Amino acid sequence: MFNKVLIANRGEIALRVLRACKELGIPTVAVHSTADEHAMHVRLADESVCIGPPASKDSYLNMHEILAACEITGADAIHPGYGFLSENAKFAEILEAHDITFIGPSAEHIRTMGDKIEAKVTAKRLGIPVVPGSDGGVSDPAEAKRVAAEIGYPVIIKAAAGGGGRGMKVAENEASLTHALQTAQSEAGAAFGDSSVYIEKYLGKPRHIEVQVMGDGKGGGIHLGERDCSLQRRHQKVWEEANSPALNTSQREKIGEICANAIKGMGYSGAGTIEFLYEGGEFYFIEMNTRLQVEHPITEAITGIDLVNEQIRVASGAGLSVTQQDVTFSGHAIECRINAEHPDTFVPSPGRISYYHPPGGLGVRVDSGVYQGYSIPPYYDSLIGKLIVHGRNRIECLMRLRRALDEFVVDGIETTLPLFRDLVQNKDIQDGNYDIHWLEHYLADKRA
Ligand code: ADP
């Protein structure tokens, strides 16, 4: 096992990793910017190192400072959390060169899955169903027209280096295709420094369903079921459920097995998520995230398996503590992402929390780094906490969620809690009847 783990992140995820380390008896090092001096992850870690000014590029993305913090403290492993350096292949390589373990997959796997064209080719080769589309990148209008005619309109043009829902253009017909291609290429070039794009069939009303996988790095691997993350605003997940209300047991087992086999085929190491659009009973791969996801706690709730503990075990060479047979699903879980934002306009609302009272009781988990009197800095993303609720079935889970939301008090700033109090009462949500566009339509109707 490791002597000391440095957590290269902040907020709720830094705390999440810290908790797993404590339970494994591993000392922790927190790193922080000058804006995060009073953050909970700094208070709870065994040691802390200030790595720079508030801007992420000078602190949480500053590889040299993070490496120096490892050397000063003697940390022999780094957990990157999500975001920041978690999917940076170069960072993983630099750590390897310095004999520091990156708690995550190999640099090669991060790089392959980070390029969406290469990821899709790899997925297809490993037997994962993909969205029909171009076999690789598409550069000229004639080729684009040929591919689009073959798969049928509408089509979506996506950036190979895309992320965060940016760099995508839909073309309804041949007349709009050339323009869409050129716009997508120039936007991709400007946003990612790589103008490569590819084409796929545009699915009209899909759900977003993703499968959690874990590989032991030695050719072994398991799946831990799926999460339904269809409730999104601007391609950002807002509310997630495990399992998906849209799948039955045999569909779950089938897609799970496909994903577990792919992980084994790759020799993948650590936690990963294979993301699909799901429409008409079919799964279509869109991307793989080579890290821990924000919404991992709902999988933990229904499986009872600590995913961060497993990540650390695998990275240390101890292997997974569970086999596929040990993974069973119990009940239903829902996560609400609580942001420091106005619940109608989504304008960020940093500032001091004057009063804080999180909910508790059976089946309620709150992952958050905030506390009463804490000031949310304006420099980072606005996620301030996650409410995760577990029940023996979906109805019990929804009733418990409603109760927990009623108990939750965060004063002094605006939060998205009121949005969730509305959603939990909504008939479509209660029926599990929603696709990836549902929330945008709901919000548009509310504004009208
Ligand atoms: P990113 O890496 O930018 O998040 P993804 O490939 O994961 O990009 O896609 C993000 C979102 O864009 C999906 O959740 C879905 O809402 C939409 N999307 C992507 N591909 C398609 C497609 N072929 N048809 C319809 N919607 C799509």
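What counts, and at which threshold
The written sequence of each chain sets the order in which its residues are numbered from 1. Local features in a predicted model are, by the rule used here, given only for residues with pLDDT of at least 70; side-chain atom pairs are given and counted only at 80 or more, and totals for whole chains, interfaces and linings are based on all residues. Working from all heavy atoms in the structure, the side-chain values ignore hydrogens and water. Each cavity reported here is a set of points on a 1 Å grid over the protein atoms alone in which a 1.4 Å probe fits but cannot get out, each pocket an open set with protein on both sides within 12 Å along at least five of seven lines, and each lining residue one with an atom within 4 Å of a point. Grid points are joined across faces, edges and corners, and a volume is the space filled by probe spheres set on the points. Numbering goes from the N terminus for both helices and strands, where a helix is a DSSP run of H or I of at least four residues and a strand is a run of E of at least two. Domain delimitation follows an automatic or database domain assignment. As a working definition, buried area equals the accessible area (1.4 Å probe) given up by two parts on being put together, with both sides summed. We define a salt bridge as a side-chain nitrogen of Lys or Arg found within 4 Å of a carboxyl oxygen belonging to Asp or Glu. By nonpolar core is meant a set of buried Ala, Val, Leu, Ile, Met, Phe, Trp, Tyr and Cys residues that side-chain atoms within 4.5 Å join together. We call a residue buried when its accessible area falls under 20% of the maximum for its residue type, exposed when it is over 50%, and partly exposed in between, using a 1.4 Å probe and counting protein chains only. Contact between two residues is taken to exist if any of their heavy atoms lie within 4.5 Å; hydrogens are not considered. Here, a strand pair is defined by DSSP locating no fewer than two bridges between the strands. Axis lines are fitted through C-alpha atoms, for helices just across the contact stretch, and the angle between N-to-C directions can take any value from 0 to 180 degrees.

Participant: Could you give me a rundown of the layout of surface pockets, with the residues and numbers involved?
Facilitator: Gaps between atoms show up when a probe of the same size as a water molecule is rolled over them. Its volume calculated, the second largest pocket comes out at about 280 Å³. The wall of the second largest pocket is formed by 17 residues, among which T101, F102, G104, P105 and S106 lie closest to the centre. Mapped by element, the contributors of at least two residues to the lining of the second largest pocket are α4 (89-97), β5 (101-102) and α11 (307-316). Looking at which element gives the most residues to the lining of the second largest pocket, the answer is α4, with 3 residues. Of the domains in this structure, domain 1 (5-103) and domain 3 (207-447) are the two that each give at least three residues to the lining of the second largest pocket.

Participant: Help me get a handle on the domain arrangement of the protein chain, residues and values and all.
Facilitator: Domains assigned within the protein chain are domain 1 (5-103), domain 2 (132-201) and domain 3 (207-447). Each of domain 1 and domain 3 has a C-alpha centre, and the two are 23 Å apart. Of the roughly 2300 Å² buried at the junction of domain 1 and domain 3 (both faces included), carbon and sulfur atoms supply 59%. Among the residues domain 1 hides against domain 3, the three largest losses belong to E12, R16 and Y82. Together they make up 28% of the total. Summed over the shared surface of domain 1 and domain 3, the result is 4 salt bridges. D306 serves as the salt-bridge partner of R16, at 2.7 Å between the closest nitrogen and oxygen.

Participant: Could you give me a rundown of unusual backbone geometry, with the residues and numbers involved?
Facilitator: Apart from glycine, the bulk of residues carry a negative phi angle, and the bulk of peptide bonds sit in the trans form. The amide bond that connects Y153 to the next residue, P154, takes the cis arrangement and shows omega of -5°. For the bond running from A242 to N243, omega is -5°, close enough to zero to count as cis. Inspection of the secondary structure puts N243 in the loop between β11 (236-242) and α9 (249-266). Phi at D99 takes a positive value of approximately 65°, unusual for a residue other than glycine. Of note, R234 is a non-glycine position whose phi angle comes to about 50°, a positive value.

Participant: Tell me what's going on with the nonpolar core, and back it up with residues and numbers.
Facilitator: Counting residues in each nonpolar core, the largest one holds 40 residues, and the members touching the most others are W239, L387, L401 and L423. Contact partners of L401, with chain neighbours within four places excluded, come to W239, I334, C336, L387, V389 and V424. By size, the runner-up hydrophobic cluster in this structure holds 30 residues, among which are L18, L307, V314 and L320.

Participant: I'd love a proper account of the pattern of salt bridges, names of residues and values included.
Facilitator: One pass over the structure, following the stated rule, counts 30 salt bridges. Taking the shortest distance from any N to any O, the salt bridge between E93 and R111 comes out at 2.9 Å. Taken as a pair, E93 in helix α4 and R111 in helix α5 (residues 107-114) lie far apart in primary sequence, 18 residues in all. Linking D135 and K124 is a salt bridge whose minimum nitrogen-to-oxygen distance equals 3.7 Å. A residue pair is termed long-range when its members are at least 10 positions apart, and D135 in the loop between α6 (116-125) and α7 (141-151) and K124 in helix α6 qualify at 11 residues.

Participant: Got a sec to walk through the sheet that holds strand β14 (residues 332-339)? Specific residues and values, please.
Facilitator: Strands sit in the order β13-β12-β9-β10-β11-β14-β19-β17 across an open sheet of 8 strands; the sheet is antiparallel. Edge strands, defined here as strands with exactly one partner in the open sheet, are β13 (282-289) and β17 (364-368). In this sheet, neighbouring strand axes are inclined to one another by 25° on average, regardless of whether the strands run parallel or antiparallel. Relative to strand β12 (residues 269-279), strand β9 (residues 207-216) runs antiparallel, the two sharing 10 bridges. Pairing of I209 across the sheet is with F276, part of β12. The sheet contacts of helix α10 (residues 296-303) involve β9, β10 (221-233), β11, β14, β17 and β19 (383-391), and relative to β14 the element is tilted by about 155°.

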